[in-house]
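# Structural overview for review
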Amino acid sequence: MDAKLLLDNLELGVVAIAPDWTIAAWSAAAARITGLPVERVLGQSFWVAFPAAKATHIERMLQEVLHDGKPQTYLAPAAATDFPGMVFETHVSRGPHNHLIMAFRQVREQLGPESRAAHLMSAVETERRLYLQLFSSLPTPALVLTVDGQILESNPEGVKLLGAADPVALRGRPMGDWTPAAHRAPLAAALRDAVTHRQELRLTVEYAGESPRDVRAVIVNVDPMRQSPKLLFLALDVSREALLQQRLLQADRLSQLGALVSGVAHELNNPLAAIAAFGEALTLDPSQADVQESAEVIRSEAMRAGRIVQTLLDFARQRPRVQTAVDLGEIADRVLALQRSGFKKARIRASVSVPKDVPAVAGDPQELQQVLLNAVVNARQAIENGGRAGQIIIAAQATDHHVVVTVEDTGPGVPAEILDRVFEPFFTTKAEQGTGLGLAISFGLVRGMGGRMWMQNVEGGGARLSFELPVDAGDAGAGSKAASGADGRRLSVLVIEDEDSVRRAMALLAKRLGHEVTTVGRFVDATERLAAPNVRYDALLVDVHLDEEHTGFDLFERLREEGRGRERRIVFTTGDSISLQTRDALQRADRPVLRKPFSLDELREILERVAGA
């Protein structure tokens, strides 16, 4: 009869272990009893297949049989996780060529439930299950090691830390495989010292395809009574902890930045409004022809400073997502204004190419600005890293019901092997200088606006980030077209503004438009003016913050309560960040807002819109 066929038909499981401790034979009964198929264990190290047997009386007994050839038998619960809840009677003998032959059978079912042995086995099994549950449930990576660093067991978090598929793939491998050469000697020393005293150390864990991780480890001997102890290796991935702390710090700094910018915005925008208005007035005065060029510079730079302040406010402020028509050209200009200084230092020429026939897109202006800002910052950094002057172009073109926006740079491009990973969260090639969140956030924002985003390299050098957004369903230019069609009649305008320079500037611009203007600086003066008999104003320019006791909303409510409809003539003006409280009040009032600083054209458009309502 065939020997293998005879072996496979035995009730006993039979295992043959070669002198190098690899499993040379594994019978069908052994596979049936343990549930471990032949292909999983055949050719494996015995200590990899049965890590719990390492450094126990089982190892000592196998060594004794191998040494003196005297067979031995033992009865013990299975300690390995591969076949929980079993008790084996195992006979070990030495065979030809110094192979160890193990013949075992499951005997737990033969123990009477009332026998003392059954109670002992039940208690052992309960403790074993508790240990396994605790070990597997630990929220931090945990490994069981030998003194020489061999991995006997790992919990799920330990498997993740080392990038393995499962615990079986780690068994029998040295921990040093995951540590750089410089850290292996300290690790070995800590393992040796951990036999007698608890050890703590810092080391780096690394494996192919992932960034190195800094680990703070605690090593404890959990089996001090044995001659060959087992060491519990508990690890804390401090690189992720540090990353989380860094994210929290960045969030806190952004919050502080938002509060700081919000606090100074009003103080900046009011004088900027006055500067811009008086500068524009000078450019329109034919008697001041010799200073018109200087006046235009004053006006344009004041408006640019105002746009930068507004951009910072929008970027730092938290507010609900909105869906509206967005002018891509305007957003692109604002983003480039923020980066103007950085472009100059990096010798970068930046330009916007958005044809006038490109329609507005449907999206959130602040989110779209963040998307473009992230793209431009990445492009600038790519060119800077190349050490040469470069160019960035923001372009847009219309397709079928969509607009495709591109941000192209002349940098070194994106390595081909990581091109498909650039949108992954926390993936970065900038080491500590990068967060790996910029493009991931942009990708999510574009998808939230109903679009898509992709990255590609440009032939000849450089990279191109592209995203596509749906065209706004409404006519984004309808308001301006209607305004341009107004009759331009002379209006009676009341300016209510607490700051003298801003009040004078607003009056000057309104008069330049041919309107009759009355100005007051306080809430009380405004109410007296409006209470005068036979007084009618076509438009009221009302500052949101009038004085310590009153706001523009107080005046709005008074006019609304009188029931004459004069509150519909109000245009609110503001130079602050529009806090949540102010924003809610503006939404309830449902009135237009003129942000400081503003141009003559913006004032003309909003006055004609209100007067024509």
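Attention here is on the structure that accompanies the text.

### Observations regarding the overall build of the protein chain
In terms of regular secondary structure, the protein chain is built from 20 helices and 22 strands. Counting every position in the protein chain, which comprises 613 residues, the buried fraction comes to 45%. A total accessible area of about 32000 Å² is found for the protein chain, and carbon and sulfur atoms account for 52% of it.

### Notes on the packing of helix H13 (residues 365-386) against helix H14 (residues 438-448)
Two elements in contact, H13 and H14, have axes whose closest approach is 9 Å; the angle formed by their N-to-C orientations is 145 degrees. Seen along the crossing, H13 lies across H14 with a hand that is left-handed. Counting all contacts with H13, which are made through Glu367, Gln370, Val371, Asn374 and Asn378, the residues of H14 involved are Gly438, Leu439, Ile441, Ser442, Leu445 and Val446. Of the residues in the contact of H13 with H14, the class split is 5 nonpolar, 5 polar and 1 charged.

### Things to note about the packing of helix H17 (residues 523-531) against helix H18 (residues 552-562)
The N-to-C vectors of H17 and H18 enclose an angle of 25 degrees; their axes lie 11 Å apart at closest approach. Regarding the angle of H17 to H18, the classification is roughly parallel. H17 and H18 meet at a crossing whose hand is right-handed. Across the interface between the two elements, Phe523, Ala526, Thr527 and Leu530 of H17 pack against Asp554, Leu555, Arg558 and Leu559 of H18.

### Re unusual backbone geometry
Following Lys596, the chain continues to Pro597 via a peptide bond in cis, the omega torsion being -5 degrees. Within the secondary structure layout, Pro597 lies in the loop between strand S22 (593-595) and helix H20 (600-611). You will see that Arg347, though not glycine, has its phi angle at about 55 degrees, which is positive. As for its placement among the helices and strands, Arg347 is situated in the loop between helix H12 (340-346) and strand S12 (348-353). Positive phi outside glycine occurs at Asp590, with the angle close to 55 degrees. With relative accessibility at 60%, the residue Asp590 sits in the exposed group.

### Some thoughts on the environment of Asp525
Mapping Asp525 onto the fold places it in helix H17. In this structure Asp525 comes out as partly exposed when scored by relative accessible area, which is 24%. A C-alpha to C-alpha distance of 8.8 Å links Asp525 and Ile496, two positions 29 residues apart in sequence.

### Things to note about the sheet that holds strand S8 (residues 199-205)
In space, the 5 strands of this open sheet follow the order S7-S6-S10-S9-S8, with antiparallel pairing throughout. With partners counted over all chains shown, the strands left at the sheet margins are strand S7 (151-154) and S8, one partner each. Each adjacent strand pair in this sheet contributes to an overall mean axis angle of 30 degrees, direction not counted. The sheet contacts of helix H8 (residues 181-193) involve strand S6 (142-145), S8, strand S9 (213-221) and strand S10 (231-237), and relative to S8 the element is tilted by about 150 degrees.

### Observations concerning the sheet that holds strand S19 (residues 516-520)
With parallel pairing, the 5 strands of this open sheet are ordered in space as S19-S18-S20-S21-S22. The open sheet terminates on both sides in strands that have one partner only, identified here as S19 and S22. Each adjacent strand pair in this sheet contributes to an overall mean axis angle of 20 degrees, direction not counted. Relative to strand S20 (residues 539-543), strand S18 (residues 492-496) is paired through 4 bridges, and the arrangement is parallel. Following the sheet pairing, Leu494 is matched in S20 by Leu540. Each of S18, S20 and strand S21 (570-574) is contacted by H18, which is oriented at about 170 degrees to S21, the strand it contacts most.

### Observations regarding the packing of aromatic side chains
In the structure shown here, the tally under the stated rule is 2 aromatic pairs. Judged by centre distance (4.8 Å) and plane angle (50 degrees), the rings of Phe553 and Phe572 are tilted. In this pair, Phe553 sits in helix H18 while Phe572 sits in strand S21, placing the two residues 19 residues apart along the sequence. Since its relative accessible area comes to 15%, Phe553 is described here as buried. Here Phe572 falls in the buried class, since its relative accessible area comes to 0%. Ring plane angle 50 degrees and centroid distance 6.2 Å describe the contact between Phe556 and Phe572, whose orientation is recorded as tilted. Taken as a pair, Phe556 in helix H18 and Phe572 in strand S21 lie far apart in primary sequence, 16 residues in all. For Phe556, a relative accessible area of 6% corresponds to the buried category.

Cut-off values and rules
Within each chain, residues carry numbers counting from 1 in the order of the written sequence. Residues qualify for local features only when their pLDDT is at least 70, as the model is predicted, and side-chain atom pairs are given and counted only at 80 or more; totals for whole chains, interfaces and linings, by contrast, use all residues. For side-chain calculations, the full set of non-hydrogen atoms in the structure is used, while hydrogens and water are omitted. Numbering goes from the N terminus for both helices and strands, where a helix is a DSSP run of H or I of at least four residues and a strand is a run of E of at least two. Buried, partly exposed and exposed residues are distinguished by accessible area as a fraction of the type maximum, computed with a 1.4 Å probe on protein chains only: under 20%, between the cut-offs, and over 50%, respectively. Residue exposure ignores everything except the shown protein chains as possible cover, and the areas themselves are Shrake-Rupley values with a 1.4 Å probe. Interaxial angles span 0 to 180 degrees and are taken between N-to-C directions of axes, which are lines fitted to C-alpha atoms, for helices over the stretch in contact. Note on convention: the crossing is left-handed when the near helix lies turned anticlockwise from the far helix by less than a right angle, right-handed when the turn is clockwise. Residues are treated as being in contact if the distance between any of their heavy atoms lies within 4.5 Å. We call Asp, Glu, Lys and Arg charged. Ala, Val, Leu, Ile, Met, Phe, Trp, Tyr, Cys and Pro are nonpolar, and the rest, Gly among them, are polar. For classification purposes, angles smaller than 35 degrees are called roughly parallel, those larger than 145 roughly antiparallel, those between 65 and 115 roughly perpendicular, and all remaining angles oblique. Strand pairing follows a simple DSSP-based rule, namely that at least 2 bridges must link the two strands. The aromatic pairing rule takes the rings of Phe, Tyr and Trp, using the six-membered ring of Trp, and pairs them if the centres are within 6.5 Å, calling planes under 30 degrees apart stacked, those over 60 edge-to-face and the rest tilted.

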